[in-house]
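In case you want the letters, here they are:
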Amino acid sequence: MNILDKIIIDKKREVILKKSIIPVSQLEASVFFGKETISLSQNLRNSNSGIIAEHKRRSPSKAIINQNFTVEEVVKGYESAGACGISVLTDGKYFGGSLDDLLLARASVNIPLLRKEFIVDEYQILEAKAHGADLILLIAAVLTREEIKSLSEFTKSLGLEVLLEVHNLEELEKSIMPTLDMIGVNNRNLKTFEVSLDFSKELASKIPDEFVKVSESGISSIEAINELKPYGYKGFLIGENFMKTDNAGKAATEFIKHLI
């Protein structure tokens, strides 16, 4: 069993537990539930940098990346750096995140927030909306076409955007549907954790133009982004590269300044 399989088994258990504690009505009563969302896809289309900066404390492959800064410090730094949006990891067991991180991020900035999570149930999408997210991530590797369809339709009904993540052509072909806004290619093989920009390059021409193309993981240089832009990529998700420094916001500022 690979790490992704383990995460999904744990996630399904976690959702069952949460449903038994916090009813949907409580989520719908959240102050953020009626908030109008901010479009990341629009921001990316209109941006010269396309940076989606990530708040990430640790990962299964890297253990602790950074525990020293508050969510508020990191996300405010990203916003002032000129990031198009912010990805907030909310998985606790494997990434050290929480929904509180998303809530604190929402209270601190006014740019699009992605709930970065292993979504397997509509309940998690309601949680995302209730905690101030503007979009959610769906991972094709762990969902059937029918699940992608029903979860993305539900997401759109709440006014949120959908970023769908793929790793290969098979996942892409099963996933293409009108209820997606952005398609992200993960350059990290979630089974081996090997990273290569070739994943993004090989799939670029297969992604229809109506979806904003996003390249995720393993992007640590201006050169990598300049290499990917001719392939039609508008968004670039960067996490560890900023978070592993002493000041994530400052690192993002320098990076974006050199990019545009």
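Everything here concerns the structure above.
Since this is a predicted model, take the numbers as computed values, not measurements.

Parameters and conventions
- Residues numbered from 1 in each chain as written.
- Predicted model: local features only at pLDDT ≥ 70, side-chain atom pairs only at ≥ 80, totals over all residues.
- Heavy atoms only, no water.
- Helix = DSSP H or I, 4+ residues; strand = E, 2+ residues; numbered from the N terminus.
- Expected span 1.5 Å × (residues − 1).
- Contact = heavy atoms within 4.5 Å.
- Polar contact = N/O pair within 3.5 Å; in protein donor to acceptor, adjacent residues only side chain to side chain.
- Axes fitted to C-alpha atoms, helices over the stretch in contact; angles between N-to-C directions.
- Parallel < 35°, antiparallel > 145°, perpendicular 65-115°, else oblique.
- Left-handed = near helix turned anticlockwise from the far one by under 90°.
- Buried < 20%, exposed > 50% of the residue type's maximum accessible area, 1.4 Å probe, protein only.
- Arc of directions from axis to C-beta.
- Core = buried A, V, L, I, M, F, W, Y, C linked by side-chain atoms within 4.5 Å.
- Pairing = 2+ DSSP bridges.
- Phe/Tyr/Trp six-rings, centres within 6.5 Å; stacked < 30°, edge-to-face > 60°.
- Salt bridge = Lys/Arg side-chain N within 4 Å of Asp/Glu carboxyl O.

## A few points about helix α1 (residues 3-21)
- Its 19 residues give α1 an end-to-end C-alpha distance of 27 Å, which sits within 8% of 27 Å, the value for a rise of 1.5 Å per residue.
- Among the structural elements, α6 (122-130) are those in contact with the buried residues of α1.
- For α1, the capping residue at the N-terminal end is Asn2, with a side-chain oxygen 2.9 Å from the backbone nitrogen of Leu4.

## With respect to the packing of helix α4 (residues 71-81) against helix α5 (residues 99-108)
- Look at α4 against α5: their axes get within 9 Å of each other, and the N-to-C directions meet at 45 degrees. By the angle between their axes, α4 is oblique relative to α5. α5 is crossed by α4, and the crossing has right-handed handedness. In this structure, α4 uses Val71, Glu72, Val75, Lys76 and Glu79 to contact α5, whose residues at the interface are Asp101, Leu104, Ala105 and Ser108.

## Examining the side chain of Thr155
- Structurally, Thr155 can be placed in helix α7 (residues 145-157).
- Judged by its relative accessible area of 0%, Thr155 is buried.
- In contact with Thr155, other than residues within four places in its own chain, are Ile125, Ile136, Leu160, Glu161 and Val162.

## Regarding α4
- Among all positions in α4, only Val71, Val74, Val75, Gly77, Tyr78 and Ala81 are buried. In an axial view of α4, the angular spread of the buried residues amounts to 155 degrees, which keeps them on one side of the axis.
- The inward-facing, buried residues of α4 contact β1 (51-55), β4 (85-89), α5, α11 (240-243) and α12 (248-259).
- Downstream of α4 by a residue or two, Gly82 has a phi angle that is positive, lying close to 100 degrees.

## Details of the nonpolar core
- Grouped together as the largest cluster of nonpolar side chains are 86 residues, with contacts concentrated most on Ile51, Tyr78 and Phe242.
- Those residues in contact with Phe242 that sit more than four places away from it in its chain are Ile51, Ala53, Tyr78, Ala248, Ala251, Ala252 and Phe255.

## Observations concerning the sheet that holds strand β10 (residues 233-238)
- Strand order around the closed barrel formed by 8 strands is β1-β4-β5-β6-β7-β8-β9-β10, with parallel pairing between neighbours. For this sheet, the mean inter-axis angle between neighbouring strands, taken without regard to orientation, is 25 degrees.
- Looking at chain direction, β1 and β10 are connected through 3 bridges and run parallel. Each bridged residue has a counterpart across the sheet, and for Ile51 the counterpart in β10 is Phe236.
- Packing of α7 onto the sheet brings it into contact with β6 (135-139) and β7 (161-166), and relative to β7 it is tilted by some 155 degrees.

## Concerning the packing of aromatic side chains
- Summed over all chains, the structure comprises 3 aromatic pairs.
- For the ring pair Phe242 and Phe255, a centre distance of 5.6 Å and an interplane angle of 75 degrees mean the geometry is edge-to-face. Of this pair, Phe242 sits in helix α11 while Phe255 sits in helix α12, placing them 13 residues apart in sequence.
- Note on Phe255: relative accessible area 8%, which makes it buried.
- Taken together, the ring pairs connect Tyr78, Phe242 and Phe255 into an aromatic cluster.

## Here we look at the pattern of salt bridges
- Here the structure, examined in full by the defined rule, presents 20 salt bridges.
- Arg57 is paired through a salt bridge with Asp101; the nearest N and O atoms lie 2.5 Å apart. Of this pair, Arg57 sits in the loop between β1 and β2 (58-59) while Asp101 sits in helix α5, and the two are 44 residues apart along the sequence.
- Under the relative-accessibility criterion, Arg57 is labelled buried at 17%.
- For Glu72, the salt bridge goes to Lys76, with nearest N and O atoms at 3.1 Å. You can see Glu72 and its partner Lys76 sitting in helix α4, 4 residues apart, about one turn around the helix.
- Under the relative-accessibility criterion, Glu72 is labelled partly exposed at 41%.

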